[in-house]
Amino acid sequence: MNVALWIVQGILALLFLTVGLMKLTQDKEKLARRMPFVEDFSPGTIRLIGTVELLGAAGIILPALTGILPWLAPSAAVGLSINQFGAAWTHLRRREYLMIGANIVILALAVFVAYGRFVSEPF
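We now turn to the structure provided with this report. Since the model is a prediction, treat every value here as computed from it, not as a measurement.

As for unusual backbone geometry
- One non-glycine residue, L69, adopts positive backbone phi at about 50°.
- Despite not being glycine, R95 has its phi angle at roughly 60°, a positive value.
- Inspection of the secondary structure assignment puts R95 in the loop between α4 (72-93) and α5 (97-120).

Given below as structure tokens:
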């Protein structure tokens, strides 16, 4: 189970690192070509979401890897789950139904890590 948790943590970290950096480094118009939902948000809010995603990517790996405050890793997974719930809600509101499936998969992976690290396989 520990190996599966590490694999999922790595996948989530890479995913959120990538999208977080995109939201922090690209302007809204360029992002809108790949992520039409950004039209609903101000540039500041998009940057905030990107910052949260970067912190989540770091938080899901670094505490567990270093052994310093390892309870932060499942806490980051809970935060990323909330992020994905918000993303799914945004796509639902915009009637972008195909995107909701990806949000649900990512949310399920984050819940798996949170459950696995808090309950099943604590550090």
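Here we look at the pattern of salt bridges
- Using the criterion set out here, one finds five salt bridges in the structure.
- Between R94 and E39 there is a salt bridge whose closest N-O contact spans 3.9 Å. Taken together, the residues span a long stretch of sequence, with R94 in the loop between α4 and α5 and E39 in the loop between α2 (28-34) and α3 (43-66) at a distance of 55 residues.
- Classification of R94 by relative accessible area gives partly exposed; the value is 24%.
- Taking the relative accessible area as the measure of exposure, E39 reaches 51% and is therefore exposed.
- Between D40 and R94 there is a salt bridge whose closest N-O contact spans 2.9 Å. Of this pair, D40 sits in the loop between α2 and α3 while R94 sits in the loop between α4 and α5, and the two are 54 residues apart along the sequence.
- Each of E39, D40, R93, R94 and E96 takes part in one network of salt bridges that share partners.

Remarks on the nonpolar core
- If you look at the biggest cluster of nonpolar residues, it comprises 15 residues, and the most contacted ones within it are L12, F16, I60, A77, L80 and V113.
- Where this core is concerned, the elements lending two or more residues are α1 (2-25), α3, α4 and α5.
- In contact with V113, not counting residues within four places along its chain, are L5, V8, Q9, L12, I60 and A77.
- In terms of nonpolar packing, the next biggest core, distinct from the first, is built from eight residues, M35, F37, V38 and I46 among them.

What to know about the environment of S120
- If you trace the backbone, S120 turns up in helix α5.
- Take S120: its relative accessible area is 35%, and that puts it in the partly exposed class.
- Sequence spacing of S120 and N2 is 118 residues, and the spatial spacing of their C-alpha atoms is 9.3 Å.
- Among residues more than four places away in sequence, those in contact with S120 are M1 and Y115.

So, the packing of aromatic side chains
- The final tally for this structure, using the stated rule, is one aromatic pair.
- Taking 6.4 Å as the distance between ring centres and 75° as the angle between the ring planes, the aromatic pair formed by F37 and F41 counts as edge-to-face. Taken individually, F37 and F41 each receive the classification buried, so the pair is uniform in this respect.

Side note on a nonpolar patch on the surface
- Together, I68, L69, W71, L72, V78, I82, Y115, F118 and V119 give the surface a local cluster of nonpolar side chains, amounting to about 910 Å² of exposed area.
- Here I82 shows up in helix α4.
- By relative accessible area, which is 59% here, I82 ends up exposed.

Digging into the packing of α3 against α4
- Closest axis-to-axis distance for the α3/α4 pair is 7 Å, and the angle between their directions is 150°. Relative to α4, α3 is oriented roughly antiparallel. Considering how the two elements wind past one another, α3 and α4 form a crossing that is left-handed. Residues I49, V52, E53, G56, G59, I60, P63 and A64 of α3 touch α4, and the partners they reach there are L72, A73, A76, A77, L80 and N83.
- Along the lines of polarity and charge, the residues of the contact of α3 with α4 split into ten nonpolar, three polar and one charged.

What counts and what doesn't
- Residues numbered from 1 in each chain as written.
- Predicted model: local features only at pLDDT ≥ 70, side-chain atom pairs only at ≥ 80, totals over all residues.
- Heavy atoms only, no water.
- Helix = DSSP H or I, 4+ residues; strand = E, 2+ residues; numbered from the N terminus.
- Salt bridge = Lys/Arg side-chain N within 4 Å of Asp/Glu carboxyl O.
- Buried < 20%, exposed > 50% of the residue type's maximum accessible area, 1.4 Å probe, protein only.
- Core = buried A, V, L, I, M, F, W, Y, C linked by side-chain atoms within 4.5 Å.
- Contact = heavy atoms within 4.5 Å.
- Phe/Tyr/Trp six-rings, centres within 6.5 Å; stacked < 30°, edge-to-face > 60°.
- Patch = residues over 30% accessible without salt bridge, like charges linked within 9 Å, V, L, I, M, F, W, Y side chains within 5 Å.
- Areas by Shrake-Rupley, 256 points an atom, 1.4 Å probe, with all protein chains shown as cover.
- Axes fitted to C-alpha atoms, helices over the stretch in contact; angles between N-to-C directions.
- Parallel < 35°, antiparallel > 145°, perpendicular 65-115°, else oblique.
- Left-handed = near helix turned anticlockwise from the far one by under 90°.
- Nonpolar A, V, L, I, M, F, W, Y, C, P; charged D, E, K, R; others polar.

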